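Structural overview
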Amino acid sequence: MKQRSLGRPGAPTTRQVSAIGLGAMPLSIEGRPDTDRAIATVHAALDAGVTLIDTADAYHRDANEVGHNEELIARALREHGSSTDDVVVATKGGHLRPGDGSWTKNGDPAYLKDAAKASARRLGVEAIGLYQFHRPDPDVPYADSVGALAELLDEGVIVRAGISNADVDQIEEADRVLGGRLVSVQNQFSPAFRSSLGELEHCASRGISFLPWSPLGGISNAAELGSRHAVFAEVAQAHGVSPQQVTLAWELSLADVVLPIPGSSRPASTTDSLAAADLELSADEIARLSAATTGDAA
């Protein structure tokens, strides 16, 4: 597996991780697989060289199972046959699921600090590798919420701090509050959802890692990526690979700071996605893919 930097050049906490990570949300929400297949999916990613796994305390289905995904990832790491000391587990706080299928927000600093400590306990770590403020809370000043991450860094509860679902102004504000220690931004980005391109490019200019979530268009759409995006299907056919691999390779080509985290609930789909790290696209192909819109003919 090819490697990329998680963190900013020259920062003491910057380290190399797999160019493509694993988004673990599908293993714990509605439609999730049984535990054996979930563990096998994580193990397939580890066997392929993944050293970045993304989770959140809100990745669960029922109200009484907060942290389901974090506990699942911790178990999969414990039960893997080889050392997983080099794996960075990124988790998030500030987004909640009351159990009725809805999502709510809580950016209260005291809540975030408690949530991070609870996540560390579930993950079985002394310090969380990457902790991210999940989504801005309109009822709490953004600087106050991010300030909780600064305190968590200072207290050694977390090793690195990131934000998610943020615009350029919030990226700049978060970095100021964190004293230049903002490591990553996790925003939605895919062939169908490109409105975060500005944030991606801003992160590239600042050396901040950009983690596209739903990089294949989301759980319900990923399988139809080729039929929805004709240019991606044509490029995939030319290389003899899946449109999903082409999509991830295209995203990697946009900037060295990009670290896609495709979600998966099956070992086979995990392995297919991760092969994208070795797929080389031509400059012409990248240009065509970047210019394409949903349904464009090649």
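Residues numbered from 1 in each chain as written. Predicted model: local features only at pLDDT ≥ 70, side-chain atom pairs only at ≥ 80, totals over all residues. Heavy atoms only, no water.

1. Considering the pattern of salt bridges
Cut-off, in case you're wondering: When a carboxyl oxygen of Asp or Glu is within 4 Å of a side-chain nitrogen of Lys or Arg, the pair counts as a salt bridge. In this description a helix means any DSSP run of H or I spanning at least four residues, a strand means any run of E spanning at least two, and both kinds are numbered starting from the N terminus. The classification of residues rests on relative accessible area computed with a 1.4 Å probe and restricted to protein chains. Under 20% of the type maximum is buried, over 50% is exposed, and intermediate values are partly exposed.
All chains considered together, the criterion is met by 15 salt bridges. One salt bridge connects Asp154 with Arg181, and the closest N-O pair in it is separated by 3.0 Å. Of this pair, Asp154 sits in helix H4 (residues 142-155) while Arg181 sits in the loop between helix H5 (168-177) and strand S10 (182-188), placing them 27 residues apart in sequence. Arg181 sits in the partly exposed class, given a relative accessible area of 34%. Residue Arg206 pairs with Asp175 through a salt bridge whose shortest N-O separation is 2.8 Å. With Arg206 in helix H6 (residues 197-206) and Asp175 in helix H5, this residue pair connects regions lying 31 residues apart in the sequence. Residue classification places Arg206 among the partly exposed residues on the basis of a relative accessible area of 27%. The structure contains a network of salt bridges with shared partners spanning Arg8, Glu172, Asp175 and Arg206.

2. As for the UniProt feature "domain: NADP-dependent oxidoreductase" (unreviewed entry) in the protein chain
Test applied: UniProt positions are given in the numbering used here, feature names are shortened, and annotations may be inferred rather than shown by experiment.
Following the UniProt record, the feature "domain: NADP-dependent oxidoreductase" (unreviewed entry) maps to residues 19-291 here. As annotated, residues 19-291 comprises 43% helix and 13% strand, and the C-alpha atoms at either end are separated by 24 Å.

3. Thoughts on the nonpolar core
Worth spelling out the cut-off: Working definition of a nonpolar core: buried Ala, Val, Leu, Ile, Met, Phe, Trp, Tyr and Cys residues. They are joined through side-chain atoms within 4.5 Å.
Counting 70 residues, the largest nonpolar core has Ile53 and Ile163 as its most contacted members. Ranked by the residues each element gives to this core, the list is headed by H4, at seven residues. With ten residues, the next largest nonpolar core counts Ala90, Val183, Leu259 and Ile261 among its residues.

4. Overview of the sheet that holds strand S3 (residues 22-23)
Heads up, the condition is: Between any two strands, at least two bridges found by DSSP are needed for them to pair. Here a residue-residue contact requires only that any non-hydrogen atoms of the pair lie within 4.5 Å. The axes are straight lines fitted to the C-alpha atoms, using for helices just the contacting stretch, and the angles between their N-to-C directions are given from 0 to 180°.
Spatial strand order, S3-S4-S5-S8-S9-S10-S11: seven strands in an open sheet with parallel pairing. Edge positions in the sheet fall to S3 and strand S11 (209-213), since each of these pairs with one other strand and no more. In the sheet, strand S8 (residues 130-133) pairs with strand S9 (residues 161-164) via three bridges, with the strands oriented parallel. Looking at the pairing, Tyr131 lines up with Ala161 of S9. Lying on the sheet, helix H3 (residues 109-123) is in contact with strand S5 (88-93) and S8; it crosses S8 at an angle near 145 degrees. Contacts between H5 and the sheet are confined to S9 and S10, with S10 contributing the most and set at about 155 degrees to the helix.

5. Thoughts on unusual backbone geometry
The residue Asn165 is not glycine, and still its phi comes out positive at about 55 degrees. Within the secondary structure layout, Asn165 lies in the loop between S9 and H5. A relative accessible area of 18% means that Asn165 is categorised as buried. With a phi angle near 50 degrees, Ser214 is a residue other than glycine that sits in the positive phi range.

6. Focus on the packing of H4 against H5
Stated precisely, the cut-off is as follows: We call two directions roughly parallel when the angle between them is under 35 degrees, roughly antiparallel when it is over 145, roughly perpendicular when it lies between 65 and 115, and oblique otherwise. By definition, turning the near helix anticlockwise from the far helix through less than a right angle yields a left-handed crossing, and turning it clockwise yields a right-handed one. In the scheme used here, Gly and all other residues not listed as nonpolar or charged are polar, with Ala, Val, Leu, Ile, Met, Phe, Trp, Tyr, Cys and Pro taken as nonpolar and Asp, Glu, Lys and Arg as charged.
Put simply, H4 and H5 touch, their axes get as near as 9 Å, and they point 45 degrees apart. When the axis of H4 is compared with that of H5, the two are oblique. Handedness of the H4/H5 crossing: right-handed. Facing H4, whose interface residues are Tyr142, Ala143, Val146, Gly147 and Ala150, H5 presents Gln170, Glu173, Ala174 and Val177. Tallied by class, the residues present in the contact of H4 with H5 amount to six nonpolar, two polar and one charged.

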